[in-house]
Number of protein chains: 2
Amino acid sequence: MGEEQQREERWRTEAYPMKGGDGMDSYANNSSYQRGGVDAAKKVIIEAVGEKLDVKSIVSSNIFRIADLGCSVGPNTFFAVESIINAVQSKWQYDQYQGGVLHDLDHHVCPEFQVFFNDHSSNDFNTLFTSLPPDRQYFAAGVAGSFYCRLFPSASLHFVHSSYAINWLSQVPKPIIDKSSAAWNKGKIHYSNSKDVVVEAYEVQYSEDMECFLHARAQEVVFGGLIALVIAGRPNGMPHSQNPQNITFELMGSCLMDMAKKGKVSEEKVDSFNIPMYLMSPQELEAAVDRNGYFRIERLEDLPNVLQLGGRPKSEVISSHWRAIMHGMMEVHFGRDVVIILDELLELFRKKLEEDLSLMDSISDTLYTFFALLKRQAME
Amino acid sequence: MGEEQQREERWRTEAYPMKGGDGMDSYANNSSYQRGGVDAAKKVIIEAVGEKLDVKSIVSSNIFRIADLGCSVGPNTFFAVESIINAVQSKWQYDQYQGGVLHDLDHHVCPEFQVFFNDHSSNDFNTLFTSLPPDRQYFAAGVAGSFYCRLFPSASLHFVHSSYAINWLSQVPKPIIDKSSAAWNKGKIHYSNSKDVVVEAYEVQYSEDMECFLHARAQEVVFGGLIALVIAGRPNGMPHSQNPQNITFELMGSCLMDMAKKGKVSEEKVDSFNIPMYLMSPQELEAAVDRNGYFRIERLEDLPNVLQLGGRPKSEVISSHWRAIMHGMMEVHFGRDVVIILDELLELFRKKLEEDLSLMDSISDTLYTFFALLKRQAME
């Protein structure tokens, strides 16, 4: 395999970590949008734990094990985990003192918590470990690997959380970067305005990935355990081409093509670059959960959209947000020039947003996120 | 606190990771001596698991959890873990088919293994994760933090392994870097030929650290669980000053002082540099285990000394070995100049070895390592 081919292969199948470290461009400092999702999900998770989780019956040996899948480097993952632990502790206390009476006096020690932070092995685990909250009330561990595979022993997890992660596919669908395929996605970096065969290739990949995700989790999560998912998606019934996040990628693709036409980046490189993200609808998730059969959906609801500007211009916040996300996958594809290309791409992108304020508002204010809570069923 | 003071404080209390990555100077490529220890311990561990571990009675929920404390970056940790798993599997199979009859037909599924790789958060976990054996038969996790503190939930581990790690103290004993203290260790980098008060300061630190280690493990290891320790130490009854490893540090200290006298490194820097390693004897370990009270020593024996030369000159192998070990702590203390200082130090060290072959043989061929197997006792 030639060097270029190797790079392509690596790009197609590898992980695209968020920008590591804690610098200005890092994911750690540009994930306030995702933080909004975590905050919005917090309330729902607290309610759901109260209603749906029977802590005492699912915990053996008094250890409650939580996994955050696709955790990146924090701080969002730490907030999310803290919320879950607080919710479980409250539920546990409530159950102990139900009706004003302390039940089961011999066993009133609250479970200890062990939290597994998972992401690809290319994730910046060293930064994650050094930034763990010093006052945390749990034992922390890192687990490297794709959550589309098995990561944990059987029946060893009580709560799985995953935020803005399962919208990433395990890989770019093969046909769309195969020049000889009808689904070759020339001149595009995503699928929303592409040929039907391209959209189908993304749908097939999504379907396979979600089956792997649910199959692996069905083995890992104890009966009665929960999975909470915060998902960047698209509303039921909305065509891909009208979904704000798809529109964003479409716009970025056109900026890249503009750069290619000016010779700032190789057109062939842009042809072979595709974003491995599928924006699923709640109905699509329901169908996948039904097909898998091991989980019941306990909650499924839209989350409010929260873009925190922190006093900065909206166009700047949006482009910084996407910069942290695009950096990893563009680096693998475009190599050393990534910073120059990314600088120009995001500058072009920002200009287009400023020229079309209604477009800017639509791709920022209506970005669609939904929440799903799955409970592991004991099989008949 | 001034910058220099901060550096000193950082140096006194921080972790000194082995050289990360997989370069020529890395620990990964310069740990063949420690590999010898792992190999020598393998046979003893297999025997000990066979005799002392009742897999079925200690494993609940069919998951066998192993921790390697102070694992560094591999490959030694992977060999060690593989040996333990093979030994546990053999023991488990033997118990199932004891007397030629398959007992307990309903429960003959071998436990799944979950392995926790632990080291300080400054350890190169990204290299560790990317170099995990692809064909491993366990679920892997990384745990960052000092093993002198709690790292795992109560009663959650079945087997703890630690190789060439608990000879490292949690910190340089405070009095020996305090200019106003009687134990100020001027002109020395270790304790073997120092004043009695210096030796005592090291002994006190060792004693406190070992108490913390055993106290934390007593909570984490299940009743009947095992701790296997491979320890760089000194034979019972041998004075510190005659122990080959102490002699090595003494020699390195004198090389550093030679460099200071030639102005190649600041004398003050050398005065405040001390190696936080205590070479305990098997008797000292026994005393600590007795004081703690939660474990019984099941095996305690010397390991054969194996320096693998791989066709390279002995003096070169020895200096590469120490280079990988010294790099981390010297970097924190000497800052950016570490490579230059280390180059010259190891060159001087190598020359001194070549000038005195009997010294070289004594500090390489008689380096003392011992093995201890501890079993967690159920308390009365």
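Up top you'll find the structure we're talking about.
Residues numbered from 1 in each chain as written. Chains lettered and ligands numbered in written order. Predicted model: local features only at pLDDT ≥ 70, side-chain atom pairs only at ≥ 80, totals over all residues. Heavy atoms only, no water.

### Comments concerning the overall build of chain A
Going by this rule: Numbering goes from the N terminus for both helices and strands, where a helix is a DSSP run of H or I of at least four residues and a strand is a run of E of at least two. Only protein chains enter the accessibility calculation, which uses a 1.4 Å probe; a residue whose area is less than 20% of its type maximum is buried, one above 50% is exposed, and one in between is partly exposed. Only the protein chains shown count as cover for residues, with accessible areas throughout obtained via the Shrake-Rupley method and a probe of 1.4 Å.
Scanning chain A from N- to C-terminus turns up 12 helices and 7 strands. Per-residue burial over chain A gives 57% buried out of 380 residues. Just so you have it, chain A exposes about 15400 Å², and 50% of that area is on carbon and sulfur atoms.

### Observations concerning the packing of aromatic side chains
To describe a pair of aromatic rings, you give the distance between the ring centres and the angle between the ring planes. Residue and element names in this part refer to chain B. Where we set the bar: Only centres within 6.5 Å qualify two rings of Phe, Tyr or Trp (six-membered ring in Trp) as a pair; their planes then separate them into stacked at under 30 degrees, edge-to-face at over 60, and tilted for everything else.
If you walk through the whole model with that rule in mind, you get 31 aromatic pairs over all chains. Ring geometry for Phe117 and Tyr138: centres 6.1 Å apart, planes at 50°, overall tilted. Taken together, the residues span a long stretch of sequence, with Phe117 in strand S2 (residues 112–119) and Tyr138 in the loop between helix H5 (125–130) and strand S3 (139–144) at a distance of 21 residues. We classify Phe117 as buried; its relative accessible area is 0%. A relative accessible area of 5% places Tyr138 in the buried class. Ring geometry for Tyr368 and Phe370: centres 5.9 Å apart, planes at 25°, overall stacked.

### Here we look at the environment of Met210 of chain A
This is how it is decided: We call two residues in contact when some of their heavy atoms are within 4.5 Å.
With respect to the helices and strands, Met210 of chain A occurs in helix H6 (residues 196–220). Once you skip the residues sitting within four places of it in the chain, Met210 of chain A turns out to touch Ile166, Met280, Leu285 and Ala288 of chain A.

### Looking at helix H10 (residues 314–334) of chain B
What counts is decided by this rule: Here the bend at a residue is taken as the angle between two axes, fitted respectively to the seven residues that end there and the seven that start there.
Largest kink in H10 of chain B: about 45°, centred on His327 of chain B. Directly beyond the C-terminal end of H10 of chain B, a positive phi value near 70° is found at Gly335 of chain B.

### Focus on the pairing of strand S4 (residues 157–163) of chain A
Two faces belong to every sheet, and in a regular strand the side chains alternate between them. All names here are of chain A. How we decide: Any two strands with at least two DSSP bridges between them are considered paired. When the strands point away from the viewer, a crossover counts as right-handed if the path from the first strand over the helix to the second runs clockwise.
Counting buried residues along S4, 7 of its 7 residues qualify, which places the element largely inside the surrounding structure. Pairing of strand S1 (residues 63–69) with S4 involves 3 bridges; the strand directions are parallel. Looking across to S4, one finds that Ile66 is bridged to Phe159. Of the pairings in the sheet, the one linking S4 to strand S5 (residues 221–232) comprises 6 bridges and is parallel in character. Across the sheet, the residue bridging to Phe159 is Leu226, located in S5. At this point the chain moves from S4, through H6, to the parallel S5, and the crossover so formed is right-handed.

### Observations regarding the relation of the copies chain B and chain A
Applied cut-off: For this overlay, a least-squares fit was computed on C-alpha atoms, restricted to residues scoring pLDDT of at least 70 in both copies.
The operation relating chain B to chain A is a screw motion whose rotation component is 180°, with 0.0 Å of axial translation and a residual RMSD of 0.0 Å. When the rotation and shift are considered jointly, the pair of chain copies conforms to a two-fold rotation axis. Taking C-alpha positions as reference, the residue of chain B nearest the rotation axis is Gly142 of chain B, located at 2.4 Å.

### A few points about the interface of chain B and chain A
In plain terms, the rule: By buried area we mean how much accessible surface two parts lose on assembly, using a 1.4 Å probe and totalling the loss over both. In what follows, salt bridge is the name for a side-chain nitrogen of Lys or Arg lying within 4 Å of a carboxyl oxygen of Asp or Glu.
Each partner contributes to the interface: chain B provides 24 residues, whereas chain A provides 24 residues. Counting each side, the surface lost to burial between chain B and chain A is near 2000 Å², with a carbon and sulfur contribution of 56%. Looking only at chain B, the three residues that lose the most surface to chain A are Phe129, Phe139 and Pro153 of chain B, adding up to 25% of its buried area. Residue Glu112 of chain B is joined to Arg150 of chain A by a salt bridge in which the shortest nitrogen-to-oxygen separation is 3.4 Å.

### Topic: the state of the cysteines
So the rule is basically this: Criterion for a disulfide: a pair of cysteine sulfur atoms within 2.5 Å.
Here the structure, examined in full by the defined rule, presents 0 disulfides over all chains. Here Cys212 of chain A is not disulfide-linked; the sulfur of Cys149 of chain A is the nearest cysteine sulfur, at 7.2 Å.

### Observations concerning the pairing of S3 of chain B
Residue and element names in this part refer to chain B. In terms of burial, S3 is largely enclosed, as 6 of its 6 residues are buried. Along S3, one buried face is formed by Phe139, Ala141 and Val143 and the opposite face, lined by Ala140, Gly142 and Ala144, is buried too. As defined by bridge partners, S2 adjoins S3 across 6 bridges and the pair is classed as parallel. Its bridge partner being in S3, Phe117 is matched across the sheet by Gly142.

### Some points on the environment of Gln93 of chain A
Residues and elements named next belong to chain A. Its place among the elements puts Gln93 in helix H4 (residues 76–96). Its relative accessible area of 43% is what places Gln93 among the partly exposed residues. Along the sequence, Gln93 and Val109 sit 16 residues apart, while their C-alpha atoms lie 9.6 Å from each other.

### Things to note about the side chain of Asp68 of chain B
All names here are of chain B. To keep it simple, the criterion reads: This count recognises Lys and Arg as positive and Asp and Glu as negative, with His and chain-terminal groups excluded.
Structurally, the position occupied by Asp68 is in strand S1 (residues 63–69). At 11 Å, Arg217 is the nearest oppositely charged side chain to Asp68, a buried residue that forms no salt bridge. Setting aside residues up to four positions removed in sequence, Asp68 forms contacts with Thr77, Val81, Phe116, Phe117, Asn118, His161, Ser162 and Ser163.

### Digging into the pattern of salt bridges
Tallying each qualifying case throughout the model produces 44 salt bridges over all chains. Residue Lys186 of chain B is joined to Asp271 of chain B by a salt bridge in which the shortest nitrogen-to-oxygen separation is 3.0 Å. Within this pair, whereas Lys186 of chain B is found in the loop between strand S4 (157–163) and helix H6 (196–220), its partner Asp271 of chain B is found in helix H8 (residues 267–271), the two being separated by 85 residues in sequence. What makes Lys186 of chain B partly exposed here is its relative accessible area of 45%. Of the charged contacts in the structure, one is a salt bridge between Arg296 of chain B and Glu298 of chain B, with a shortest N-O distance of 2.8 Å. Salt bridges linked by common partners bring Lys43, Glu47, Arg299 and Glu301 of chain A together as one network.

### Description of the packing of H10 of chain B against helix H12 (residues 357–365) of chain B
All names here are of chain B. The criterion, for reference: Note on geometry: axes are lines fitted to C-alpha atoms, helical ones only across the stretch in contact, with angles between N-to-C directions running from 0 to 180 degrees. Every angle not falling under 35 degrees, over 145, or within 65 to 115 is termed oblique; those three ranges are roughly parallel, roughly antiparallel and roughly perpendicular. Crossing handedness: left-handed means the near helix sits turned counterclockwise from the far one by under a right angle, and right-handed means the same turn made clockwise.
Two elements in contact, H10 and H12, have axes separated by 11 Å at closest approach and are oriented at 50°. The pairing of H10 with H12 is recorded here as oblique in orientation. The handedness of the crossing between H10 and H12 comes out as left-handed. The residues of H12 that touch H10, namely those facing Lys314, Ser315 and Ile318, are Met360, Asp361, Ser364 and Asp365.

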